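Here's the letter readout for the chains.
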Amino acid sequence: MSSRERVEWLAPGDLDEALALLAERGAESTVVAGGSFLGILMNQGFLEPTSLLSLQGVDALRGIRVGEDGELRLGAMTTHREVERDDAVRRGWPALADAFGAVASPRVRNQATVGGVLADADYASDPPAMLTALDARAVLRSPRGEREVGIDELILGFYETCIADDELLVEVRVPDAPGRAVYRKFRSRSTEDRPCVAVAAVRVGGTLRVVVGACAETPQHHPDVCALAGGGDIDAEVAREIGARYAERLEPIADSRGSAEYRRRVVAVEVRRAVEAVARP
Ligand SMILES: Cc1cc2nc3c(=O)[nH]c(=O)nc-3n(C[C@H](O)[C@H](O)[C@H](O)COP(=O)(O)OP(=O)(O)OC[C@H]3O[C@@H](n4cnc5c(N)ncnc54)[C@H](O)[C@@H]3O)c2cc1C
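Predicted model, so just to flag it, every value in this text is computed and none were measured.

1. Quick notes on the site of the ligand
(1) Moving on: Around the ligand sit 30 residues in total, of which V31, G35, S36, T113 and D126 are the nearest.
(2) Moving on: Residue D126 places a main-chain N or O atom 2.7 Å away from an oxygen atom belonging to the ligand.
(3) Moving on: If the ligand stood free it would expose 970 Å²; the protein chains cover 89% of that surface.
(4) Moving on: Breaking the shell around the ligand down by element, the ones donating at least two residues are strand 2 (29-32), helix 2 (36-43), helix 7 (114-119) and strand 10 (168-174).
(5) Moving on: Its residues placed into classes, the shell around the ligand shows 17 nonpolar, 8 polar and 5 charged.

This is the structure we're talking about:
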């Protein structure tokens, strides 16, 4: 019998049951959301779990709603495709719909979830840079209680998060609709789904937030460089300067999508273009 035939499949019907099972099994059990990331790891033999805890039957983790405070709430089991196509998201947070819509193909987006893409903490993902720029927070719950963390606190490094063994990511909260926002995905290879460089820029009032993804272990945000924008219209020279400083400040990784030097040059251009797109406060 192969190890895969011996895998225990846990299918809780609600959130309390899921949390109780997770607290009981801890790191022995691997949480499965859409399974699109885990499936690859298992098929390639990088992961051989003995127990899988599926969140597919936990309806409380699905859905998109806008709270009375204007905050957008995305359940962890909401698929990328649902975010991309949701009317409220497209109206209030169109750049977020763009970022989720930029992931791979409809087939992947129908399976991959909001919780999964954050919990897997793959550096070359699209949504984390956009969610960081929007100042979103992830809600983590365990039988010990609930805590809210910024995306910059959630993602600690390559495939590493602050989610404890007994915690589930249950929801993502995105502040009230931003004035201007843009998501730019740069692919370097025609066969490649994942970004070589990802840039998200948001302008709320006069404040600019630019976040670069896919170039380092975690999404990169430099508030002091963003402050060069000032509070009014950003002219072409300042946009260029912000792009140049991001490129200087980053220590880009090198992988099959591009060398460090190549990424640095792309970052300078893509950040400039993103800043130009949100130039008016
Ligand atoms: C062919 C292909 C192309 C892709 N291209 C892109 C791309 O272009 N851009 C991009 O951004 N991404 C891309 N992805 C990645 C895809 O978005 C991820 O595989 C996906 O986001 C993972 O989501 P999932 O719901 O399937 O997670 P799963 O595979 O089920 O889980 C991923 C990890 O997160 C953990 N986890 C999941 N949900 C929770 C939760 N609620 N609480 C705690 N832990 C949890 C799991 O234990 C596991 O460690 C691609 C994937 C594939 C297969």
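2. Quick word on the nonpolar core
(1) Moving on: Within the largest apolar cluster, 37 residues are counted, with the highest numbers of intra-cluster contacts made by L96, L118, M130, L131, L154, V172 and V174.
(2) Moving on: Among the elements of the structure, strand 5 (72-75), helix 5 (94-101), helix 7, helix 8 (127-133), strand 6 (137-142), helix 9 (151-154), strand 10 and strand 12 (197-204) are those that each provide at least two residues to this core.
(3) Moving on: With 5 residues, helix 5 is the single largest residue contributor to this core.
(4) Moving on: Leaving out residues up to four positions away in the same chain, V174 has contacts with E71, L72, W93, L96, L131, L134 and A136.
(5) Moving on: Formed by 25 residues, the second largest nonpolar core is a distinct cluster that contains A229, L250, V266 and V278.

3. Describing the pairing of strand 12
(1) Moving on: Summarising burial for strand 12: 7 of the 8 residues are buried, a large majority.
(2) Moving on: Here strand 11 (residues 180-186) runs beside strand 12; their pairing, made up of 7 bridges, is antiparallel. Residue pairing in the sheet places V182 in a bridge with A201 of strand 12.
(3) Moving on: Bridge analysis of strand 12 against strand 13 (residues 207-213) gives 7 bridges, and the strand direction is antiparallel. Its bridge partner being in strand 13, A198 is matched across the sheet by G213.

4. Digging into the sheet that holds strand 5
(1) Moving on: One open sheet holds the 5 strands; their spatial order is 4-5-10-6-7, and the pairing between them is antiparallel. The sheet is open, and its two borders are formed by strand 4 (64-66) and strand 7 (145-150), each paired with just one other strand. Averaged over all pairs of adjacent strands, the angle between their axes in this sheet comes to 25°, without regard to strand direction.
(2) Moving on: Bridging between strand 5 and strand 10 involves 4 bridges; their strand directions are antiparallel. Looking across to strand 10, one finds that R73 is bridged to R173.
(3) Moving on: In this fold helix 1 (residues 15-25) packs onto strand 6 and strand 10, with an angle of close to 125° to the strand it touches most, strand 10.

Conventions adopted
Residues numbered from 1 in each chain as written. Predicted model: local features only at pLDDT ≥ 70, side-chain atom pairs only at ≥ 80, totals over all residues. Heavy atoms only, no water. Near = heavy atom within 4 Å. Polar contact = N/O pair within 3.5 Å; in protein donor to acceptor, adjacent residues only side chain to side chain. Areas by Shrake-Rupley, 256 points an atom, 1.4 Å probe, with all protein chains shown as cover. Helix = DSSP H or I, 4+ residues; strand = E, 2+ residues; numbered from the N terminus. Nonpolar A, V, L, I, M, F, W, Y, C, P; charged D, E, K, R; others polar. Core = buried A, V, L, I, M, F, W, Y, C linked by side-chain atoms within 4.5 Å. Buried < 20%, exposed > 50% of the residue type's maximum accessible area, 1.4 Å probe, protein only. Contact = heavy atoms within 4.5 Å. Pairing = 2+ DSSP bridges. Axes fitted to C-alpha atoms, helices over the stretch in contact; angles between N-to-C directions.

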